[in-house]
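# Descriptive analysis of the structure
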Amino acid sequence: MRRPRGRRHAMSGAAQDGNAPVTGVPAGDRTGIGGRPSAGAPDDRDTPARLGPRDVLRVGAAGLRARPMRVFLSALGIAIGIAAMIGVVGISTSSRAQLQATLDRLGTNLLTVGPGRDMFGEDAQLPTASVGMVARMPDVESASATGKLSDAKVYRNDHIPAGESGGISVLAARLDLPRTVGLTMATGTWLNAGTARYPAVVLGAESAQRLGIATPNVQVWLGSQWFTVVGILDANELVPELDSAALVGWDAAASDLGFDGHPTTIYTRADKAAVERVRELLAATASPESPTEVEVSRPSDALAAESASNKAFTGLLLGLGGVALLVGGVGVANTMVISVLERRAEIGLRRSLGATRGQIRTQFLTESQLLAALGGIGGVALGIVVTAVFAVTQGWPTVVPPWAMAGGILATLLIGGVAGLYPAIRAARLAPTEALATP
Amino acid sequence: MSLPLEPVVELREVTKTYPGGVTALDAVSLTVQAGELVAIVGPSGSGKSTMLHLLGTLDRPSAGTVLVEGRDVSRMTDRRLSALRARRIGFVFQQFHLAAGVGALDNVADGLLYGGAPLGERRRRARGALERVGLGHRLGHRPHQLSGGEKQRVAIARAVVGEPAMLLADEPTGALDSVSGAGVLDLLRELAETGTTVILITHDRDIAALLPRQVQMRDGRIVHDDAWVEAVS
Ligand SMILES: Nc1ncnc2c1ncn2[C@@H]1O[C@H](COP(=O)(O)OP(=O)(O)OP(=O)(O)O)[C@@H](O)[C@H]1O
Ligand SMILES: [Mg+2]
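For clarity, every value in this text was computed on a predicted model and none was experimentally measured. (Residues numbered from 1 in each chain as written. Chains lettered and ligands numbered in written order. Predicted model: local features only at pLDDT ≥ 70, side-chain atom pairs only at ≥ 80, totals over all residues. Heavy atoms only, no water.)

### What about the overall build of chain B?
How we decide: Runs of H or I in DSSP of at least four residues are treated as helices and runs of E of at least two as strands, each being numbered from the N terminus. Just to be clear, the radius of gyration here is over C-alpha atoms, and the globule rule we use is 2.2 Å times residues to the power 0.38. The rule is simple: take the accessible area with a 1.4 Å probe, protein chains only, and divide by the maximum for that residue type; under 20% is buried, over 50% is exposed, in between is partly exposed. Contact criterion: two residues are considered in contact whenever any of their non-hydrogen atoms come within 4.5 Å of each other. Accessible surface is estimated by sampling points in the Shrake-Rupley manner with a 1.4 Å probe; for residues, cover comes only from the protein chains shown. Positive charges are assigned to Lys and Arg, negative charges to Asp and Glu, while His and the chain termini are left out of the count. For charged residues, the charge sits on one atom: NZ in Lys, CZ in Arg, CG in Asp, CD in Glu.
For chain B, the count of helices and strands is eight helices and ten strands. Against the compact-globule benchmark of 17 Å for 233 residues, chain B has a radius of gyration of 17 Å, which places it among compact chains. Principal-axis analysis of the C-alpha atoms gives chain B an extent of 45 × 45 × 40 Å. Considering chain B as a whole, with its 233 residues, one finds that 61% of them fall into the buried category. A fraction of 70% describes how many contacts in chain B between residues 6 or more apart in sequence connect residues 24 or more apart. Of the accessible surface of chain B, which amounts to about 8900 Å², a share of 49% is contributed by carbon and sulfur atoms. One finds the centroid of the 27 positive side-chain charges in chain B at a distance of 8 Å from the centroid of its 27 negative side-chain charges.

In structure tokens form, the structure reads like this:
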């Protein structure tokens, strides 16, 4: 019993309207295997189902699982690029964190005043009263000073020929210097009212090392007589000039070493809120008669500037990381192009199973992005390890900014998308029969 | 089994000319009713695969009309045809096309992937389909752990797991020895008996002779169709 032709024509007409039900038969009568009605209402038969995100990921990952070695190698390319960039960012951030910690510890309110040059280009002098005047300034918490003794040299003993002083400068120091600067003793004691009048010396950390002295109560040949080392200072990043100094009392310097009493560096701590104001007034206060012959500086600025000078280098490394990333991206694109060529049969099969072009495109894009993201995750991990190793060996805190990690992963998703776009479009354009024809 | 009312698939004066000028199908008409088991035979190059691709909406005709369950394929977008294949058409190929390294169950479950069922349901139905083809004990086996005949059974399970209106098989026994080939053929006959429309291409005249309806092709035309004989008698 066949249907009359006319009826069939009428029905194919209905089909042209799109989603209208096209059979006169109740859905339950269309027998699939076992006689069960097909899934979905008849209207749904030709509306493609959306793949859920989990299925999209599953299908994308399945393509990668089949070729682990190739996946590893092309992900490695991305990983190296990301690791380089994360490492560079991490190391410079860690170094900045270290600087910040140092500045927090040492304070940024230390200002120094030193003699500049006079109008004839000669070394100028600070007035002997300048320290007291600075100390009396409003918003100044404390002020101290050192005076350079250019003629005095220090030696381990009296046999060493003059001239081989090892770059150690001899400075007259006021007793309140450690409090103002924030110096701490590695060993021994600082000068006191008593020892400041006698041939006693406190060595900076580097000076002590150069002289080969690790404990106090040792004699050194200073000027033309023996001085007793009473203490050794800790190193201090803010005032590296004191690390390589030998500090004697103001009075002893005057009596034994011919010190003229003119300070060469005034150290002053200003109220944190008033540092800039104090800084502007310092020159005029320290040397009211010739304020232009005075140099004022803020040591914490010098520290920060030193770290900023590394920025160009950081930029160069970042650029190299970017090139590595680009090469990695090309590797992913290459892998995907080959993958599409090799998997024409799979593409044809999926089309025969009902995949739309869009679903094929999504599959290969997802695969490419997963591949790149794998490299990205590996690269971030590698970058963290590199940063940690470097920071630990430098004694820095390890800091990798979260934005860098997130940015790294996002960048790989983008790279994966760009690298996979062309292969994915090619895969989607493949005609099902053509794809199936390849063995 | 009562006679179905609606042809599952119908070709009307269908011509397929490939780029380059080969006319693989030349004004072919064919009607297949629901529940039929049809064997397509013919010499190599006679257009069998081309016809199967057109029946399965994998390709479009150069001229003529293809109707799947009464719907004109030429008027449907590629997206809609994909959905039609996902829900109404199952394919079996000579080369099986199973995903390497993936277990039988998940290979079969992929047959439902584009139909929109969630994973749990896909796997549950895949298990049922594998049991139906006699591979209930091979669910976790990957393709390289299966014999050729078993692989083709997995492929058949994948094709029918979505309970399609028709199952199209292009030389499903072509890569198998005669024993496993016979097993696969028996399976297809069983499926046809339970209501699935099966259209299969075979080179083997003996196999074809066993099937209720034979369509013989030559040079892009149907030169014999048992349905004609039936109609006459
Ligand atoms: N993509 C194509 N482009 C051009 N010509 C094609 C294409 N596919 C098939 N043909 C040609 O169309 C004709 C029919 O091919 P088809 O594959 O349908 O034959 P067949 O009957 O399946 O043969 P076989 O038994 O060898 O599989 C052949 O002459 C073939 O060369
Ligand atoms: Mg063929």
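### A few points about the site of ligand 1
Residues and elements named next belong to chain B. Keep this limit in mind: One heavy atom within 4 Å of a molecule or strand makes the whole residue count as near it. Nitrogen and oxygen atoms within 3.5 Å of one another constitute a polar contact, given that in protein one can donate a hydrogen and the other can accept it, and given that sequence-neighbouring residues count only through two side-chain atoms. Classification convention: Asp, Glu, Lys, Arg as charged; Ala, Val, Leu, Ile, Met, Phe, Trp, Tyr, Cys, Pro as nonpolar; all other residues, Gly among them, as polar.
Surveying the vicinity of ligand 1 reveals 13 residues, the closest of which are Ser44, Gly45, Lys48, Ser49 and Thr50. Between lysine 48 and ligand 1, the recorded distance is 2.7 Å, taken from a side-chain N or O atom to an oxygen atom. In isolation ligand 1 offers 630 Å² of accessible surface; the protein chains occlude 60% of this area. With three residues, the single largest contributor to the shell around ligand 1 is helix α1 (residues 48-55). A breakdown of the residues in the shell around ligand 1 according to their chemical character gives four nonpolar, seven polar and two charged.

### Concerning the pairing of strand β9 (residues 213-218) of chain B
Residues and elements named next belong to chain B. Counted only if it meets this: Only strands that DSSP links by at least two bridges are regarded as paired with each other.
Most of β9 sits out of view: five of its six residues are buried. Pairing of strand β3 (residues 37-41) with β9 involves four bridges; the strand directions are parallel. Bridged to alanine 39 within β9 is glutamine 214. Pairing of β9 with strand β10 (residues 221-225) involves four bridges; the strand directions are antiparallel. In the strand pairing of β10, arginine 218 is matched with arginine 221. Hairpin connection from β9 to β10: two residues lie between these consecutive antiparallel strands, with aspartate 219 at a positive phi of about 50°.

### Observations regarding a nonpolar patch on the surface
Residue and element names in this part refer to chain A. Note the cut-off: A patch consists of residues whose relative accessible area exceeds 30% and which take part in no salt bridge; residues with like charges are grouped when within 9 Å of each other, and nonpolar side chains (Val, Leu, Ile, Met, Phe, Trp, Tyr) when within 5 Å. Salt bridge criterion: a side-chain nitrogen from Lys or Arg within 4 Å of a carboxyl oxygen from Asp or Glu.
Together, Met69, Phe72, Leu73, Leu76 and Ile80 make up a nonpolar patch on the protein surface, roughly 490 Å² of accessible area in all. Checked against the element boundaries, isoleucine 80 lands in helix α3 (residues 68-106). Taking the relative accessible area as the measure of exposure, isoleucine 80 reaches 46% and is therefore partly exposed.

### A look at the sheet that holds strand β2 (residues 23-33) of chain B
All names here are of chain B. The criterion, for reference: For helices, the fitted line uses only the C-alpha atoms of the stretch in contact; every axis is such a line through C-alpha atoms, and the angle between N-to-C directions lies from 0 to 180 degrees.
Taken in spatial order, the four strands of this open sheet run β2-β1-β4-β5, and their pairing is antiparallel. Looking along the sheet, the strands with just one partner apiece sit at the ends: β2 and β5 (71-72). Where strand β1 (residues 7-17) lies against strand β4 (residues 63-68), five bridges are found, and the strand directions are antiparallel. Paired with leucine 11 across the strands is valine 66, a residue of β4. Set on the sheet, α1 makes contact with β1, β2 and β4; between it and β2 the angle comes to about 55°.

### With respect to the packing of aromatic side chains
All names here are of chain A. Note the cut-off: Classification of ring pairs rests on two measures: the distance between centres of Phe, Tyr or Trp rings, Trp counted by its six-membered ring, which must be within 6.5 Å, and the angle between planes, read as stacked under 30 degrees, edge-to-face over 60 and tilted in between. Here, over-ring charges are defined by two tests on the NZ atom of lysine or the CZ atom of arginine: distance to the ring centre within 6 Å, and angle to the ring normal within 35 degrees.
Counted according to the given criterion, the structure contains four aromatic pairs over all chains. With a centroid separation of 5.2 Å and an interplanar angle of 75°, the aromatic rings of tryptophan 221 and tryptophan 226 are classed as edge-to-face. Ring centres 5.8 Å apart and planes at 65° place the aromatic pair phenylalanine 390 and tryptophan 396 in the edge-to-face group. Classification of phenylalanine 390 by relative accessible area gives partly exposed; the value is 34%. Sitting above the plane of the tryptophan 250 ring, arginine 174 keeps its charged end 5.6 Å from the centroid.

### A closer look at helix α8 (residues 250-257) of chain A
All names here are of chain A. Note the threshold: Arc definition: it is the arc formed by the directions from the helix axis to the C-beta atoms.
What α8 keeps buried is the set Trp250, Ala252, Ala253 and Leu257. Viewed along the axis of α8, the buried residues span an arc of 165°, placing them on a single side of the element. Considering only its buried residues, α8 is in contact with β2 (140-148), β4 (169-173), β7 (219-222), β8 (225-233) and β9 (245-249). Note on α8: the residue one or two positions beyond its end, glycine 258, has a positive phi of about 70°.

### Quick notes on the confidence of the model for chain B
Our working rule: A score between 0 and 100, pLDDT records how confident the predictor is in each residue.
On average, residues of chain B carry a pLDDT of 92, and 97% of them reach 70 or more. Scoring the predicted complex yields pTM 0.77 and, for the interface, ipTM 0.95.

### Describing the UniProt feature "domain: ABC3 transporter permease C-terminal" (unreviewed entry) in chain A
Rules: UniProt positions are given in the numbering used here, feature names are shortened, and annotations may be inferred rather than shown by experiment.
UniProt annotation of "domain: ABC3 transporter permease C-terminal" (unreviewed entry) refers to residues 321-431 of chain A when read in the numbering used here. Taken as a whole, residues 321-431 of chain A contains 87% helix and 0% strand, while its terminal C-alpha atoms sit 40 Å from one another.

### Remarks on the packing of helix α11 (residues 311-342) of chain A against helix α14 (residues 402-429) of chain A
Residues and elements named next belong to chain A. The condition that has to hold: Here roughly perpendicular refers to angles of 65 to 115 degrees, roughly parallel to angles under 35, roughly antiparallel to angles over 145, and oblique to all remaining angles. The crossing is said to be left-handed when, going from far helix to near helix, the turn is anticlockwise and less than a right angle, and right-handed when the turn is clockwise.
At their nearest, the axes of α11 and α14 sit 8 Å apart, and the two run at 20° to each other. The angle between α11 and α14 places the two elements in the roughly parallel class. In this structure, α11 crosses over α14, and the sense of that crossing is right-handed. When α11 is examined against α14, the residues Leu325, Gly329, Val332, Ala333, Met336, Val337, Val340 and Leu341 are found in contact with a partner set consisting of Ile415, Ala419, Tyr422, Pro423, Arg426 and Ala427. Of the residues belonging to the contact of α11 with α14, the class tally is twelve nonpolar, one polar and one charged.

### A word on the sheet that holds strand β6 (residues 89-93) of chain B
Residue and element names in this part refer to chain B. Pairing is mixed across the open sheet formed by six strands, whose spatial order is β6-β7-β8-β3-β9-β10. Of all the strands in the sheet, just β6 and β10 have a single pairing partner and so form its edges. Strand after strand, the sheet turns through a mean of 20° between neighbouring axes, direction not considered. In this structure, strand β7 (residues 166-170) lies alongside strand β8 (residues 197-201), joined through five bridges in parallel fashion. Counterpart to aspartate 170 in the pairing with β8 is isoleucine 201.

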